[in-house]
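Here's the letter readout for the chains.
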Amino acid sequence: MGDKAKETSNGNVGRLSWTISNFSKLDIKKLYSDIFYAGGYKWRIAIFPKGNEVDHLSIYLDFADSKTPGWTVNVPFFSMSIINQNPILTVTKESQHVFNATEQDWGFTSFIPLSKLNDPSEGFLVRDVCTIKAEVKLNIEEDDKDKHELSDQNSAFVKADTSTSLSFSEYDALFIGIQKQLEGESFKSDNITSSGCPPSWTVEEIAYAKKILKQCLDIDLDNVIQLGRDFELKKSLSILLSSNAFPEKMR
């Protein structure tokens, strides 16, 4: 099959670039990548080349380590990407999850339509080669600290020169996302296990969502977007709304 996987890991952050040859000729329900490491744990990418009961490519992050009963591993951030020969068209999706014995994989059942993926003119398959990349971060505290330090360093500049503020169109994307959460839509439809089970938020995930919401509320909206934390804000709202976990005073 000619699979090639290149791993890069640095402590709590792990990355894998997985190249799959003869992709359109794959005749297998589920396929795993080589192992890569993040946070001292073993991980791998799991894909359903023909879709997991859907007409989309299905991709999941799979916990490949052995653990004792009752184990949990909190992953506050991970992403999956299907590389396009035009980098602007590369498709990337992000999520977070507390992995455990009953939810050992997590990801995206409907990542990209198979019709689009398998169309050579779309640029995802080049000479029938598909490249999938994964990034896993188990501890983003230091990353958040660096972002907040950058925010502090630039805060005087942002407040003094209003001409650098984001346009309203950039706010609109965030506002529309928040509106969808308030109207009952959530990230749940696309973030599920490979078995097809819908998510049930754990105590750890709810606590982490509250922490992220507080962090985002403590900084300027400009910085939330500029620092790329708008995804985290919307995800935390989705978790708290769907689990009815907002404190009484915030409702």
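The rules we used
- Residues numbered from 1 in each chain as written.
- Predicted model: local features only at pLDDT ≥ 70, side-chain atom pairs only at ≥ 80, totals over all residues.
- Heavy atoms only, no water.
- Helix = DSSP H or I, 4+ residues; strand = E, 2+ residues; numbered from the N terminus.
- Buried < 20%, exposed > 50% of the residue type's maximum accessible area, 1.4 Å probe, protein only.
- Contact = heavy atoms within 4.5 Å.
- Areas by Shrake-Rupley, 256 points an atom, 1.4 Å probe, with all protein chains shown as cover.
- Phe/Tyr/Trp six-rings, centres within 6.5 Å; stacked < 30°, edge-to-face > 60°.
- pLDDT = per-residue confidence, 0-100.
- Core = buried A, V, L, I, M, F, W, Y, C linked by side-chain atoms within 4.5 Å.
- Pairing = 2+ DSSP bridges.

Looking only at helices and strands, the chain has six helices and 10 strands in total. Looking at the chain residue by residue over its 251 residues, the buried ones come to 45%. A sequence separation of at least 24 residues applies to 64% of the contacts in the chain between residues at least 6 apart. For the chain, the exposed surface amounts to about 13,100 Å²; the carbon and sulfur share of it is 52%.

Next up on the list: the packing of aromatic side chains. On inspection of all chains with the given rule, the structure shows eight aromatic pairs. Look at Trp43 and Phe99: their rings are 5.1 Å apart centre to centre, the planes differ by 70°, and that puts the pair in the edge-to-face class. Of this pair, Trp43 sits in strand 5 (residues 41-48) while Phe99 is found in strand 8 (residues 91-100), placing the two residues 56 residues apart along the sequence. The same class applies to Trp43 as to Phe99, namely buried. Ring centres of Phe108 and Phe111 lie 5.8 Å apart, and the angle between their planes is 70°; on these two criteria the pair is classed as edge-to-face. Judged by its relative accessible area of 1%, Phe108 falls in the buried class.

What follows is about the confidence of the model for the chain. Across the chain, the average pLDDT comes to 75, with 62% of residues at 70 or higher. No element of the chain has a lower mean pLDDT than helix 2 (residues 141-160), which averages 39, and none a higher one than strand 3 (residues 31-32), which averages 96. Below a pLDDT of 50 lies the segment residues 142-168, which in the model reaches 18 contacts outside its immediate sequence neighbourhood of four places, other chains included.

This part covers the nonpolar core. One finds Trp43 and Ile45 to be the most contacted residues of the largest nonpolar core, which totals 35 residues. Considering each element in turn, this core owes the most residues, five residues, to strand 7 (residues 72-82). Excluding its chain neighbours within four sequence positions, the residues that come into contact with Ile45 are Leu16, Trp18, Leu31, Tyr32, Ser33, Phe36, Ile59, Tyr60, Met80, Ile132 and Ala134. With 10 residues, the next largest nonpolar core counts Tyr208, Ala209, Ile239 and Leu240 among its residues.

Mapped onto the fold, Ala134 is located in strand 10 (residues 130-137). Ala134 gets classed as buried once you look at its relative accessible area, which sits at 5%. Those residues within four positions of Ala134 in sequence are excluded, and the remaining contacts are Gly14, Arg15, Leu16, Phe36, Ile45, Ser79 and Met80.

The subject of this paragraph is the pairing of strand 5. Of the strand pairs in this sheet, strand 3 and strand 5 are connected by two bridges, and their pairing is antiparallel. Directly across from Leu31, in strand 5, lies its bridge partner Ile47. As paired strands, strand 4 (residues 36-38) and strand 5 are joined by three bridges and run antiparallel to one another. The residue of strand 5 that forms the bridge with Ala38 is Tyr41. Between strand 4 and strand 5, which pair antiparallel one after the other, the connecting turn spans two residues, and Gly39 there sits at a positive phi close to 65°. Bridge analysis of strand 5 against strand 6 (residues 56-63) gives six bridges, and the strand direction is antiparallel. Bridge pairing in strand 6 places Ile47 opposite Ile59.

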